[in-house]
Amino acid sequence: MNHYQLAVIGAGPGGYVAAIRAAQLGLKTAVIENRDVGGTCLNRGCIPTKALLHAADVYHQAQNAQELGLEISETGYHMGRIHDRKRKIVLQLRGGVEQLFKANKIDLLRGTATITAPHEISVTGSDNSQITADHILIATGSVPARPPIPGLDLPGVVTSDEVLEGNPIDYKNLVIIGGGVIGVEFATFYNRLGCEVTILEAMERLLPTMDREISQNIGMILKKRGVSIHTGAMVQKITADDGTLCCQFAKGDQNQSVRAQGVLVAIGRRPNTEGLFESEMTPEMERGRIVTNEDFSTSLEQVWAIGDVTSRIQLAHLASAQGIAVAERIAGHTPSVNLSLVPSCIYTDPEIASVGLTADEAKAQGISVKTGKFMMAANGKTLIEGTDRGFIKVVCDAETDILLGAQLMCARATDLVSEFTQAIVNRLTAQQMRRVIRPHPTFSEAVTEALEDLENHAIHAAPKVKR
């Protein structure tokens, strides 16, 4: 029976990053994975969806080339080849991760892991084995959630996993259940290719966890592009009839329905813990997720957990940061990553990114704030590239001038947000950020404009608490 100092269950962005960091710190490490290395992010999430979105964006640009003075006589696309390119990117990155395992002398065990006793794991699969480990790290991620809606098992009703890993389907019309991140990204992709898209969202607005202005703007943009959006829509059942699917939903006191070639269920993801524990080795759980304390230890001795399987925030970069922190802690080092601030990114067109507090969240915490905003319609690079409406908003503490948050909806928002994340982590003031010379013409110079606008807005005072 092989013994390791650390056994990592799951080779996604949390697990493989943790394993590599642990090996770099001198720990004998194994990773157990029953699917492809890279996890959901690399194989069925972040990377493949962005590859599809890039293809759709280039196709859209080609269709509108005349606006740039270019003549392209014919435009078209081939869904199969779009997915072929996506697969090539995934395979290249997956191979890179496997090579990093070899370079760092990490054992990769292929199979399904079950924690059978303290410090013991059974691996069932191509590498059937029993191993022991001083520490066990659970990084099994999440799987698409499937609500109890009648008809969800009908042919043609799919999740993001099937769309990204199954045979490519060139939908001419599609219903998407869920207007969160997954839903709006797939709506953007299919809409750009000419598909008739309908979004059904149970909450009052798209992207309900984001800044309200962002939600309203993305809804307006998608509607302008022809996407049909129903918010406050509760899906009741799905039926099949004459080769199409009928999605019936209630909106207020009215019952409505919409027909389509396919239905994509995109209401979120749930922790993946199936088969992970023998009954006597089950840790404390809460609504399906593994409960951990601040250092990511579970109720089981020397068993740790990170990423989607534990977190209400399901983001690959958060899982990776947690993986580094846990590996460093197990190796006896102080964690080197600040985990208190997590940027969120959505790859619609325009892109969306957010970090820190919104003005409303700050006021709810009793903080008086001042805000600045710059509309990207006045940004030279935005006009040159012909990107859609957008803005950058910044939120600062009214008393200290320290940056508290930023909300972006513009081209390259997912890159620009890192500047704000770095500023907030290091408690920079708006004045300190304004000292930076940002090049022209760039999208980043809009950061300066938003910071300068802070001085033109009134202070938003926090509500006074009666004592």
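Residues numbered from 1 in each chain as written. Predicted model: local features only at pLDDT ≥ 70, side-chain atom pairs only at ≥ 80, totals over all residues. Heavy atoms only, no water.

Trainee: Any chance you could explain the packing of helix H1 (residues 15-24) against helix H8 (residues 316-330) here in plain terms?
Mentor: Two quantities define a packed helix pair, namely the angle between the helix axes and the distance between the axes. Running from N to C, H1 and H8 cross one another at 30°; their axes reach a closest spacing of 8 Å. Comparing the axis directions of H1 and H8 gives the class roughly parallel. In the crossing of H1 with H8, the sense of the turn from one axis to the other is right-handed. The residues of H8 that touch H1, namely those facing Val-17, Ala-18, Arg-21 and Ala-22, are Ser-320, Gly-323, Ile-324, Ala-327 and Glu-328. Looking at side-chain class alone, the contact of H1 with H8 contains five nonpolar, two polar and two charged residues. (Axes fitted to C-alpha atoms, helices over the stretch in contact; angles between N-to-C directions. Helix = DSSP H or I, 4+ residues; strand = E, 2+ residues; numbered from the N terminus. Parallel < 35°, antiparallel > 145°, perpendicular 65-115°, else oblique. Left-handed = near helix turned anticlockwise from the far one by under 90°. Contact = heavy atoms within 4.5 Å. Nonpolar A, V, L, I, M, F, W, Y, C, P; charged D, E, K, R; others polar.)

Trainee: Any chance you could explain the packing of aromatic side chains here in plain terms?
Mentor: Aromatic rings in a pair are described by how distant their centres are and how their planes are angled relative to each other. The final tally for this structure, using the stated rule, is four aromatic pairs. Their ring planes at 75° and their centres at 5.3 Å tell us that Tyr-59 and Tyr-77 sit as a pair that is edge-to-face. Of this pair, Tyr-59 sits in helix H3 (residues 46-63) while Tyr-77 is found in the loop between H3 and helix H4 (79-103), placing the two residues 18 residues apart along the sequence. Between the aromatic rings of Phe-189 and Tyr-190, the centroid separation amounts to 4.8 Å while the plane-to-plane angle is 65°, which identifies the pairing as edge-to-face. Residue Phe-189 is classed as buried on the basis of its relative accessible area of 1%. What makes Tyr-190 buried here is its relative accessible area of 2%. Among the aromatic residues, those joined into a cluster by ring pairs are Tyr-171, Phe-186, Phe-189 and Tyr-190. The lysine or arginine in question, Lys-28, covers the ring of Tyr-4, its NZ or CZ lying 5.2 Å from the ring centre. In this arrangement the basic side chain of Lys-373 is found over the ring face of Phe-391, its NZ or CZ atom lying 5.1 Å from the centre. (Phe/Tyr/Trp six-rings, centres within 6.5 Å; stacked < 30°, edge-to-face > 60°. Buried < 20%, exposed > 50% of the residue type's maximum accessible area, 1.4 Å probe, protein only. Lys NZ or Arg CZ within 6 Å of the ring centre and 35° of its normal.)

Trainee: What's the story with the pattern of salt bridges in this structure? I'm lost.
Mentor: Side chains that differ in charge, positive against negative, can pair when their charged atoms come close. Scanning all chains against the criterion turns up 23 salt bridges. Notably, a salt bridge pairs Arg-225 with Asp-349, separated by 3.7 Å at the nearest N-O pair. In this pair, Arg-225 sits in the loop between helix H7 (212-224) and strand S11 (228-231) while Asp-349 sits in the loop between strand S20 (344-346) and strand S21 (352-356), placing the two residues 124 residues apart along the sequence. (Salt bridge = Lys/Arg side-chain N within 4 Å of Asp/Glu carboxyl O.)

Trainee: How do you make sense of H4 when you look at a structure like this?
Mentor: Because each turn of an α-helix spans 3.6 residues, side chains separated by three or four positions in sequence point in the same direction. Here H4 spans 36 Å end to end across 25 residues, near enough to the 36 Å set by a 1.5 Å rise per residue. All of the buried residues along H4 are Met-79, Gly-80, Ile-82, His-83, Lys-86, Val-90, Arg-94, Val-97 and Phe-101. The first or second residue beyond H4 is Lys-105, which carries a positive phi of 55°. (Expected span 1.5 Å × (residues − 1).)

Trainee: Sorry if this is basic, but what is going on with the sheet that holds strand S10 (residues 196-201) here?
Mentor: Spatially, the five strands line up as an open sheet ordered S8-S15-S9-S10-S11, and their pairing is parallel. The open sheet terminates on both sides in strands that have one partner only, identified here as strand S8 (157-159) and S11. Along the sheet, successive strands turn relative to each other by an average axial angle of 20°, direction set aside. As paired elements, S8 and strand S15 (residues 262-265) share three bridges and run parallel to each other. Within S15, the position partnered with Thr-159 by the bridge is Val-265. (Pairing = 2+ DSSP bridges.)

Trainee: Would you mind showing me how to read unusual backbone geometry here?
Mentor: Leaving glycine out, the prevailing phi sign among residues is negative, and the prevailing peptide bond configuration is trans. A cis amide bond links Asp-349 with the next residue in sequence, Pro-350, at an omega value of 5°. Counting through the fold element by element, Pro-350 comes out in the loop between S20 and S21. Following His-440, the chain continues into Pro-441 via a peptide bond in cis, with omega recorded as 0°. Residue placement: Pro-441 occurs in the loop between helix H12 (430-434) and helix H13 (445-452). At Leu-207, a position not held by glycine, the phi torsion is positive, near 45°. With respect to the helices and strands, the residue Leu-207 is situated in the loop between S10 and H7.

Trainee: Honestly, H8 in this entry has me stumped. Any pointers?
Mentor: Its 15 residues place the ends of H8 21 Å apart at the C-alpha level, agreeing with the 21 Å of an ideal helix rising 1.5 Å per residue. Within H8, eleven of the 15 residues are buried, leaving the element largely enclosed by the surrounding structure. Here H8 has its buried residues at Leu-318, Ala-319, Ser-320, Ala-321, Gln-322, Gly-323, Ala-325, Val-326, Ala-327, Glu-328 and Ile-330. For H8, the elements touching its buried residues are strand S1 (2-9), H1, strand S6 (129-138) and strand S19 (303-305). At the C-terminal side of H8, Gly-332 shows a positive phi close to 90°.

Trainee: Which parts of the structure should I look at to understand the sheet that holds strand S22 (residues 369-375)?
Mentor: The strands that make up a sheet pair up through hydrogen bonds in the backbone, lying either parallel or antiparallel. Strand order in the open sheet made by the five strands is S20-S21-S24-S23-S22, with antiparallel pairing throughout. Edge positions in the open sheet fall to S20 and S22, since each of these has one partner strand only. In this sheet, neighbouring strand axes are inclined to one another by 10° on average, regardless of whether the strands run parallel or antiparallel. Each of S21, S22, strand S23 (391-397) and strand S24 (403-409) is contacted by H7, which is oriented at about 5° to S24, the strand it contacts most. Running over the sheet, helix H11 (residues 413-425) touches S20, S21, S23 and S24 and is turned about 10° from S21.

Trainee: Whenever I open this one, the pairing of S1 confuses me. Can you help?
Mentor: Walk down a regular strand and you will see the side chains alternate between the two sheet faces. Pairing analysis gives seven bridges linking S1 to S6, with the strands arranged parallel. Across the sheet, Ile-9 pairs through a bridge with Ile-138, a residue of S6. In this region the chain leaves S1, passes through H1 and returns to the parallel neighbour strand S2 (residues 29-33); the handedness of that crossover is right-handed. (Right-handed = clockwise from strand over helix to strand, strands pointing away.)

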